[in-house]
Amino acid sequence: MTLSALIFDVDGTLADTERDGHRPAFNAAFGEAGLPWAWDEGIYGELLKVTGGKERIRHYAQRFDPVRAARPDFAALVQSLHRTKTRHYLARVESGAIPLRPGIARLIGQAREAGLRLAIATTTTPENVSALLSASFAADALSWFEVIAAGDIVPEKKPAPDIYRFVLERLGLAGRDCLALEDSHPGLASSLGAGIPTVVTFNDYSRDQDFKGALAALPDLAQVGLRELIRWHQLQ
Ligand code: XBP
Ligand code: MG
């Protein structure tokens, strides 16, 4: 089976964005709104089980601040908090504060040299992807990815397979001709649900999660390049 395309998750895979990127951005938004909410590293690890920033805010309020969650203007509050959070997150990314994970830049360079097609399948907000790619690679990096599927573009976020099915449909490829790179159980469930062989690079938040079904689960891609991915893809 030939490998035709690599499909990358973003948060936790391209870069370790959650603990020192998204999390402080959420807290800055809560502070600006005068809310007594603060997500420390521990609680954020729990909240990451809910994919999507707006969904995560809603889940947190319903559980820890039900009176505020029951207010008629709660939906508008969630939207406004998420816009503020995205502004803070973009500022962090654009300042170069969030580096790529080990081996990612090399792998993308090798894949481009080998003529592999590239795509992105992420739950995060589209602007966050563009900012990370522009801050981490050359200015034209967005054009390297044929499909950038992000955030609310599909009805169901990960672990639902929607976002990966959207990418396959746009690429005109079958799942088995691709390889996905993910960092979390919800992400793996999503890519496997779309029939895409997947390699997991776990991180501090996801290391204890269940990665059954992955071709491999690694701490990072420091020792792994395109040759290894192609070999694993052919073995499955
Ligand atoms: C991870 C997510 C996102 C981010 C926050 O996405 O679940 O919701 O945590 O970004 P992935 P937003 O691992 O699929 O890249 O606030 O923009 O949702
Ligand atoms: Mg992820």
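Everything quoted here is computed from the prediction, not taken from an experiment. (Residues numbered from 1 in each chain as written. Chains lettered and ligands numbered in written order. Predicted model: local features only at pLDDT ≥ 70, side-chain atom pairs only at ≥ 80, totals over all residues. Heavy atoms only, no water.)

1. So, the coordination of the magnesium ion (ligand 2)
Here is the rule we go by: Because no water is among the atoms considered, metal sites can look incomplete, with donors defined as N, O and S atoms within 2.8 Å of the metal, or 3.2 Å for Na, K and Ca. Relative accessibility thresholds used throughout: buried, under 20% of the residue-type maximum; exposed, over 50%; partly exposed, between the two (1.4 Å probe, protein chains only).
Summarising the metal site, the magnesium ion (ligand 2) is bound by the protein donors D9 (OD), D11 (O) and D183 (OD), whose distances to it range over 2.1 to 2.3 Å. Of note, the donors binding the magnesium ion (ligand 2) are all from one chain and are spaced D-x1-D-x171-D. Take D11: its relative accessible area is 11%, and that puts it in the buried class.

2. Examining the pairing of strand β3 (residues 147–150)
Put simply, the test is: Two strands are counted as paired when DSSP detects at least two bridges linking them. Counting from the N terminus, the helices are the DSSP runs of H or I reaching at least four residues and the strands are the DSSP runs of E reaching at least two. Whether a crossover is right-handed depends on one test, that the path from the first strand over the helix to the second runs clockwise when the strands point away from the viewer.
Two elements, strand β2 (residues 117–122) and β3, share four bridges in a ladder whose sense is parallel. When the bridges of β3 are listed, I120 appears paired with I148. Crossover β2 to β3 through helix α7 (residues 126–136) is right-handed.

3. With respect to the layout of surface pockets
As a reminder of what qualifies: Cavity: a set of points on a 1 Å grid over the protein atoms alone where a 1.4 Å probe fits but cannot get out. Pocket: an open set with protein on both sides within 12 Å along at least five of seven lines, its lining residues, like those of a cavity, having an atom within 4 Å of a point. Grid points are joined across faces, edges and corners, and a volume is the space filled by probe spheres set on the points. Under the convention adopted here, Pro, Cys and the residues Ala, Val, Leu, Ile, Met, Phe, Trp and Tyr are nonpolar, Asp, Glu, Lys and Arg are charged, and Gly plus all remaining residues are polar.
Its volume calculated, the largest pocket comes out at about 710 Å³. Forming the boundary of the largest pocket are 48 residues, of which D11, G12, T17, E18 and L48 lie nearest the centre. Listing elements by their share of the lining of the largest pocket, those giving two or more residues are α1 (18–32), α2 (41–47), α3 (53–64), α5 (74–94), α7 and α9 (185–193). With five residues, α1 is the single largest residue contributor to the lining of the largest pocket. For the lining of the largest pocket, the residue count by class is ten nonpolar, 20 polar and 18 charged.

4. Let's talk about the packing of aromatic side chains
This is how it is decided: Each aromatic pair joins two rings of Phe, Tyr and Trp (for Trp, the six-membered one) with centres within 6.5 Å, and gets the label stacked for planes under 30 degrees apart, edge-to-face for over 60, and tilted for any other angle. Charges are assigned to positions over rings by a cutoff of 6 Å between ring centre and Lys NZ or Arg CZ, combined with an angular limit of 35 degrees from the ring normal.
As enumerated under the stated definition, the model contains 13 aromatic pairs in all. Measuring from ring centre to ring centre gives 6.1 Å for Y44 and Y205, while their planes differ by 65 degrees; the resulting arrangement is edge-to-face. Highlighted residues: Y44 in helix α2 and Y205 in the loop between β5 (198–201) and β6 (216–218), separated in sequence by 161 residues. Site record: aromatic cluster; members linked through ring pairs are F26, F30, W37, W39, Y44, Y60, F64 and Y205. Between K85 and the ring centre of F26, over which it is positioned, the NZ or CZ distance is 4.6 Å. Geometry around Y89 places K85 over its ring, the cationic atom sitting 5.1 Å from the centre.

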